[in-house]
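Residue strings, one per chain:
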Amino acid sequence: MKIILLGAPGAGKGTVAKQLTQLDGSVQISTGDILRGAVQAGSELGKEAKGYMDRGDLVPDSLIMGIMEARLQEDDCEKGFLLDGFPRTIPQAEALTELLAKLDISLDMVVNIDVPRDVIFDRLCTRRTCENTKCQAIYNVKSMPPKKEGICDKCGSPIVQRADETQEAIAHRLDTYNEKTAPLAGFYEKKGLLKTITGTSSDAVVNGIKKELGI
Ligand code: ADP
Ligand code: ZN
């Protein structure tokens, strides 16, 4: 499947994407995971991106398009992909349309995961992420704690609160989302690709997508 997952930070895009990869071998492509990996590796990309990310601002479109142009041409994308956290602005969406046309790829659909703001805010404040960039498993201290406090079940690395998951940065990320990313729903609606799924559980969202794809 070739799908874009839209939705506010904390809407569950990452969790849904991981569940969908199990269905048909499509890969999850998370620009946030790629950028955090680059920051930890101390690469040029990471150095450029870090300041924006820590403040909860978007990284410039040109950096993101460079990453995605290369990523979509890797072999593992042939079975399909789930774009998680990209595109995030109208210019990114327009550039993606051109890039997909150039690569002769067509999207199945764009899923807008719609979750109320108070649920989102609460979720982000209690979210924890595995610090190992190869893993980046997601936990929640209230609803999905690891078996051993502070330690990732999957790889044994410490789980931490992300630098952009302070209350202040979260509020800023949600405002940025409303201003820059929410308009993408209208953009894809016009193209006839949008499917909005309201749901606070990832299972409900995954089932909605399966139904839509007829699988
Ligand atoms: P979340 O969806 O929880 O906000 P992500 O992991 O998707 O988190 O992104 C973390 C940060 O990485 C963003 O706040 C932003 O700074 C940067 N980022 C990720 N994807 C993009 C993108 N497509 N365009 C610009 N910045 C991005
Ligand atoms: Zn881990």
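One structure accompanies this document, and this report is about it.

Definitions and limits used
Residues numbered from 1 in each chain as written. Chains lettered and ligands numbered in written order. Predicted model: local features only at pLDDT ≥ 70, side-chain atom pairs only at ≥ 80, totals over all residues. Heavy atoms only, no water. Axes fitted to C-alpha atoms, helices over the stretch in contact; angles between N-to-C directions. Helix = DSSP H or I, 4+ residues; strand = E, 2+ residues; numbered from the N terminus. Parallel < 35°, antiparallel > 145°, perpendicular 65-115°, else oblique. Left-handed = near helix turned anticlockwise from the far one by under 90°. Contact = heavy atoms within 4.5 Å. Nonpolar A, V, L, I, M, F, W, Y, C, P; charged D, E, K, R; others polar. Buried < 20%, exposed > 50% of the residue type's maximum accessible area, 1.4 Å probe, protein only. Polar contact = N/O pair within 3.5 Å; in protein donor to acceptor, adjacent residues only side chain to side chain. Pairing = 2+ DSSP bridges.

## Section: the packing of helix H1 (residues 13-24) against helix H9 (residues 202-213)
Next up, step 1: Relative orientation of the contacting elements H1 and H9 amounts to 45°, with a least axis distance of 9 Å. Comparing their axes, H9 and H1 come out oblique. In this structure, H1 crosses over H9, and the sense of that crossing is right-handed. For the pair H1 and H9, the contacting residues are Thr15, Val16, Gln19, Leu20 and Leu23 in the first and Ser202, Asp203, Val205, Val206, Ile209 and Lys210 in the second.
Next up, step 2: Of the residues that constitute the contact of H1 with H9, the class distribution is six nonpolar, three polar and two charged.

## Looking at the side chain of Thr181
Next up, step 1: Along the chain, Thr181 turns up in helix H7 (residues 167-181).
Next up, step 2: Judged by relative accessible area, Thr181 falls into the buried class, the value being 6%.
Next up, step 3: Of note is the side chain of Thr181, whose polar atom sits 2.7 Å from the backbone oxygen of Arg88.
Next up, step 4: Discounting chain neighbours no more than four positions away, the residues touching Thr181 are Pro87, Arg88 and Thr176.

## A look at the sheet that holds strand E2 (residues 27-30)
Next up, step 1: Pairing is parallel across the open sheet formed by five strands, whose spatial order is E2-E3-E1-E4-E8. Strand pairing shows two members of the sheet lacking a second neighbour, E2 and strand E8 (194-198), which therefore form its edges. For this sheet, the mean angle separating the axes of adjacent strands, direction not counted, is 25°.
Next up, step 2: Relative to E8, strand E4 (residues 109-114) runs parallel, the two sharing five bridges. Residue Val110 lies in a different strand from E8, and its bridge partner there is Leu194.

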